[in-house]
2 protein chains.
Amino acid sequence: MPTVTLDDVAAAARVSRSTASRVVRGTGPVSAEARRAVLAAVEHLGYVPHPGARALASGHGERVVVAVGSPSADLLADPYVARVVSAASRAADTQGVGVALRWLGLDPRDELRRLARDPGVGGVLLVDYTADVLASVPRDLVARVAAIGPADGRVPSYDVDAAAGIAALVEHVLATGRRDVVMVTGPGWLPGSRRAVDAYEAVTRAAGVPRRVVSADLTTGAGADAAREARRRWPGVDALVAMSDTLAVGAMRALAEDGVRVPDDVAVTGFDDQPFAEQAGPGLTTATHPVERIAAAATTALLGRRREERRTFPSVVVRRGSA
Amino acid sequence: MPTVTLDDVAAAARVSRSTASRVVRGTGPVSAEARRAVLAAVEHLGYVPHPGARALASGHGERVVVAVGSPSADLLADPYVARVVSAASRAADTQGVGVALRWLGLDPRDELRRLARDPGVGGVLLVDYTADVLASVPRDLVARVAAIGPADGRVPSYDVDAAAGIAALVEHVLATGRRDVVMVTGPGWLPGSRRAVDAYEAVTRAAGVPRRVVSADLTTGAGADAAREARRRWPGVDALVAMSDTLAVGAMRALAEDGVRVPDDVAVTGFDDQPFAEQAGPGLTTATHPVERIAAAATTALLGRRREERRTFPSVVVRRGSA
DNA sequence: CACCGTTGTGGAAGCGTTCCCACGCGAGTC
DNA sequence: GACTCGCGTGGGAACGCTTCCACAACGGTG
């Protein structure tokens, strides 16, 4: 089974290799007719660009590096990161390239510079980053970076529509008659935290109910603490809207230990629809976070050198027992 | 910063590019003097071979493919697979290579042949495979394959010492006075199932208590069903030893719904020590499964072309509330 | 002393792309 | 009608490496 090259495609389409290359990469001026012929040939011959050759000629490489930008290395073992890597690996496989996982460390700027210089790196997928990290992306790397999560305009962003998801959850809770809804948000350095709070505030303001926010790290322990803090500060609380399932499960645990019934006394919602959300206590009401689709889209875009400003993926509410 | 090429190295060492290449790859006859000069130049200039150029010229790349051998594609999204991919990606990154994820599909033999032929593939990590898949590894691929899990002698195996882990759990349960211990094992096609049962049988036989086994798919639903089946068939059951945390959590759920108290009426143990094991009901007693370490070791061995027959990693019991 | 294999070496031809440059061509401008 | 302009196109030189081949120098063999 001899490998199909761009020359084969060009010959089949009766154009030059240059034109075939332009069509495949989607750059430069090409007549509609030539484009059609080339695409047909690609389809027919089953052409797949050779990543090595591409890397060699273009000067920048093939590997996709999933770069974890959190200040701590713990998140490298995080299930969320694992899902991103896994989905990216699957998407990369179809293009004949591989994925690597790296922690940006304590000096992200430096590590990003190294990434930009590495001839083997075709693209960088940013995960769990701070605004700081986003700003340290070197200019010459920007074209090869995609952020999994919110971003400013400089770096393209692939993200769940968390604002809509959180808003829908808050509305759901209000629709069931709750009036004292506390938002449990993430740490301040996480860009998503701000966004979640904004969505929550918009809905609660419109509904004329009070706005109450507590902040916590994204662990079950912190979720438990947050639930207790909320009940202490606002004894009348009848709903807890958490920014993540992890937080929510922690909160439910604390409530159960304190003899508070879920959802009868306090409704609880999470976010992400992780596998354990289904297994937790009464079943956690949450909103989906299509991590796999997001990571796959970002990877494909990166490898295709297609540039998109931002792309958001819908989040839908999953009703279970907890709210 | 211009990239350092092999020509630069050759020039600095006052030899030809050919000789420099021989030294770098460690092949072919080279005088001691030339070798020394080249290595010094490599060191001094900070030379790193361009993986793309290498792949292009040599015809074969070095990507590591994580191949999922289960009959169903669902397991591609499995957290276990995600952990393997994630750890492999991290290990691969240190060697400057990438990892791809692929499902072997309904005809694993065919897909494995394709992998063997693919010039971009440096190694294959087998995951979630049947004995069948193991046997279909083509001869010329064997040297580039490692199995994450049990294996026959043909393919090197990197695996947790599940037998010891299960045995320790059964012993722990017996030590707390249980006498009617049911093993909940996985589906027959999974090589690990057999092993778990063997370990269970050895310990129960030695202790002179009855041997009782039910089999189930590795889902919470199946775990719930298995728990009910066990109680129906053996009403006096006072302990459930499951082959995985997922199974155990499902079992606990069914028991709770049926009004059976854990651990007072029935003790439950899992295996894997997954994150949710801590959060489940009374906290799941389980045994560790160092997936990350296993995957990392297998990847490193594969890339270093080091061949090991098999390597097992210890599993230790984690005591929580359920047993 | 012609012949041989062995050992170290350099030259050069690719590998499959991208990208720069030059070319032809028709439509506008003076 | 000679001129620029822009578009679509093709040619060809890289890109950094591996690998094949040729060759020189050498000691050993008939």
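You'll find the structure just up there.
Conventions and cut-offs
Residues numbered from 1 in each chain as written. Chains lettered and ligands numbered in written order. Predicted model: local features only at pLDDT ≥ 70, side-chain atom pairs only at ≥ 80, totals over all residues. Heavy atoms only, no water. Helix = DSSP H or I, 4+ residues; strand = E, 2+ residues; numbered from the N terminus. Buried < 20%, exposed > 50% of the residue type's maximum accessible area, 1.4 Å probe, protein only. Contact = heavy atoms within 4.5 Å. Areas by Shrake-Rupley, 256 points an atom, 1.4 Å probe, with all protein chains shown as cover. Lys, Arg positive; Asp, Glu negative; His and termini not counted. Charge placed at Lys NZ, Arg CZ, Asp CG, Glu CD. Near = heavy atom within 4 Å. Polar contact = N/O pair within 3.5 Å; in protein donor to acceptor, adjacent residues only side chain to side chain. Nonpolar A, V, L, I, M, F, W, Y, C, P; charged D, E, K, R; others polar. Buried area = accessible area lost by both parts, 1.4 Å probe. Salt bridge = Lys/Arg side-chain N within 4 Å of Asp/Glu carboxyl O. Core = buried A, V, L, I, M, F, W, Y, C linked by side-chain atoms within 4.5 Å. Pairing = 2+ DSSP bridges. Axes fitted to C-alpha atoms, helices over the stretch in contact; angles between N-to-C directions. Patch = residues over 30% accessible without salt bridge, like charges linked within 9 Å, V, L, I, M, F, W, Y side chains within 5 Å.

*Asks:* Before we move on, could you go through the overall build of chain A and cite the residues and values that matter?
*Replies:* Across its full length, chain A holds 13 helices and twelve strands. Summarising its shape, the C-alpha atoms of chain A cover approximately 75 × 40 × 35 Å along the three principal directions. Counting only residues that meet the buried cut, chain A has 54% of its 323 residues in that class. In chain A, once contacts between residues fewer than 6 apart in sequence are set aside, the share between residues at least 24 apart is 68%. Surface summary for chain A: the accessible area is close to 13700 Å², and the carbon and sulfur share equals 51%. Across chain A, the mean location of the 39 positive side-chain charges is 5 Å away from that of the 37 negative side-chain charges.

*Asks:* Tell me what's going on with the protein's contact with DNA strand D, and back it up with residues and numbers.
*Replies:* Around DNA strand D there are 26 residues in total, and Ser18(A), Ser31(A), Leu6(B), Arg25(B) and Tyr47(B) lie nearest to it. When the atoms of DNA strand D within 4 Å of the protein are grouped by moiety, sugar and phosphate amount to 61% of the total. At a separation of 2.3 Å, a phosphate oxygen of DNA strand D approaches a polar backbone atom of Leu6(B). Of all the secondary-structure elements, those providing two or more residues to the surface near DNA strand D are α2 (17-25) and α4 (51-58) of chain A together with α2 (17-25) and α4 (51-58) of chain B. In terms of residue class, the surface near DNA strand D is made up of eleven nonpolar, ten polar and five charged.

*Asks:* Go over the protein's contact with DNA strand C with me, naming the residues and quoting the values.
*Replies:* Around DNA strand C, the structure places 28 residues, and the nearest of them are Leu6(A), Ser21(A), Arg25(A), Tyr47(A) and Ala57(A). Arg25(A) places a polar side-chain atom, nitrogen or oxygen, 2.6 Å from a phosphate oxygen of DNA strand C. Within the backbone of Ala57(B), one N or O atom sits 3.4 Å away from a base oxygen of DNA strand C. Breaking the surface near DNA strand C down by element, the ones donating at least two residues are α2 and α4 of chain A together with α2 and α4 of chain B. Sorting elements by how many residues they give to the surface near DNA strand C places α4(A) first, with five residues. For the surface near DNA strand C, a count of residues per class yields 13 nonpolar, ten polar and five charged.

*Asks:* Now, about the interface of chain A and chain B: what can you tell me, with residues and values included?
*Replies:* With 34 residues of chain A at the contact, the number on the chain B side is 32 residues. Summed over both partners, the interface of chain A with chain B comes to about 3000 Å²; 59% of that surface belongs to carbon and sulfur atoms. The tally of links from chain A across to chain B stands at four salt bridges. For Arg63(A), the salt bridge identified is with Asp93(B), shortest N-O distance 3.6 Å. Along the contact surface separating chain A from chain B lie nine residue pairs in polar contact (both at pLDDT 80 or more). No other element matches the seven residues that helix α5 (residues 79-93) of chain A contributes to the side of chain A that touches chain B.

*Asks:* Tell me what's going on with the nonpolar core, and back it up with residues and numbers.
*Replies:* Within the largest apolar cluster, 156 residues are counted, with the highest numbers of intra-cluster contacts made by Leu125(A), Leu240(A), Val268(A), Leu240(B) and Val268(B). The contact partners of Leu125(A), leaving out residues within four places of it in the chain, are Val64(A), Val65(A), Val66(A), Ala67(A), Ala88(A), Ala146(A), Ile148(A), Ala295(A), Ala298(A), Thr299(A) and Leu302(A).

*Asks:* Break down the side chain of Arg144(B) for me, with residues and values.
*Replies:* Residue and element names in this part refer to chain B. Its location among the elements puts arginine 144 in the loop between α7 (131-135) and β4 (145-148). From its side chain, arginine 144 meets the backbone oxygen of alanine 116 in a polar contact 3.3 Å long. If we ignore the near neighbours within four places in the chain, the residues touching arginine 144 are Ala116, Val121, Gly122, Gly123, Val124 and Leu302.

*Asks:* If you had to explain the sheet that holds strand β8 (residues 239-242) of chain B to someone new, which residues and values would you point to?
*Replies:* Residues and elements named next belong to chain B. Spatially, four strands are ordered β7-β6-β8-β9 in an open sheet, and the strand pairing comes out parallel. Looking at strand neighbours, the two that pair on one side only are β7 (212-215) and β9 (267-269), the edges of this open sheet. The mean angle between the axes of side-by-side strands here comes to 20 degrees, regardless of whether they run parallel or antiparallel. Contacts from helix α9 (residues 191-207) reach β6 (181-185) and β7, with the element oriented near 170 degrees to β6.

*Asks:* Tell me what's going on with a positive patch on the surface, and back it up with residues and numbers.
*Replies:* Together, Arg109(A), Arg113(A), Arg117(A), Arg139(A) and Arg154(A) make up a region of like positive charge exposed at the surface. Its location among the elements puts Arg154(A) in the loop between β4 (145-148) and β5 (157-160).

*Asks:* Give me the lowdown on unusual backbone geometry, citing residues and values where you can.
*Replies:* Residue Pro263(A) is bonded to the preceding Val262(A) through a cis peptide linkage, with omega at 5 degrees. In this fold, Pro263(A) is placed in the loop between α11 (245-257) and β9 (267-269). The residue Arg14(B) is not glycine, and still its phi comes out positive at about 60 degrees. With respect to the helices, strands and loops of the structure, Arg14(B) is situated in the loop between α1 (6-13) and α2. Using a relative accessible area of 77% as the deciding quantity, one classes Arg14(B) as exposed. One non-glycine residue with positive phi stands out, namely Asp273(B), at about 55 degrees. Among the secondary structure elements, Asp273(B) is positioned in the loop between β9 and α12 (275-279).

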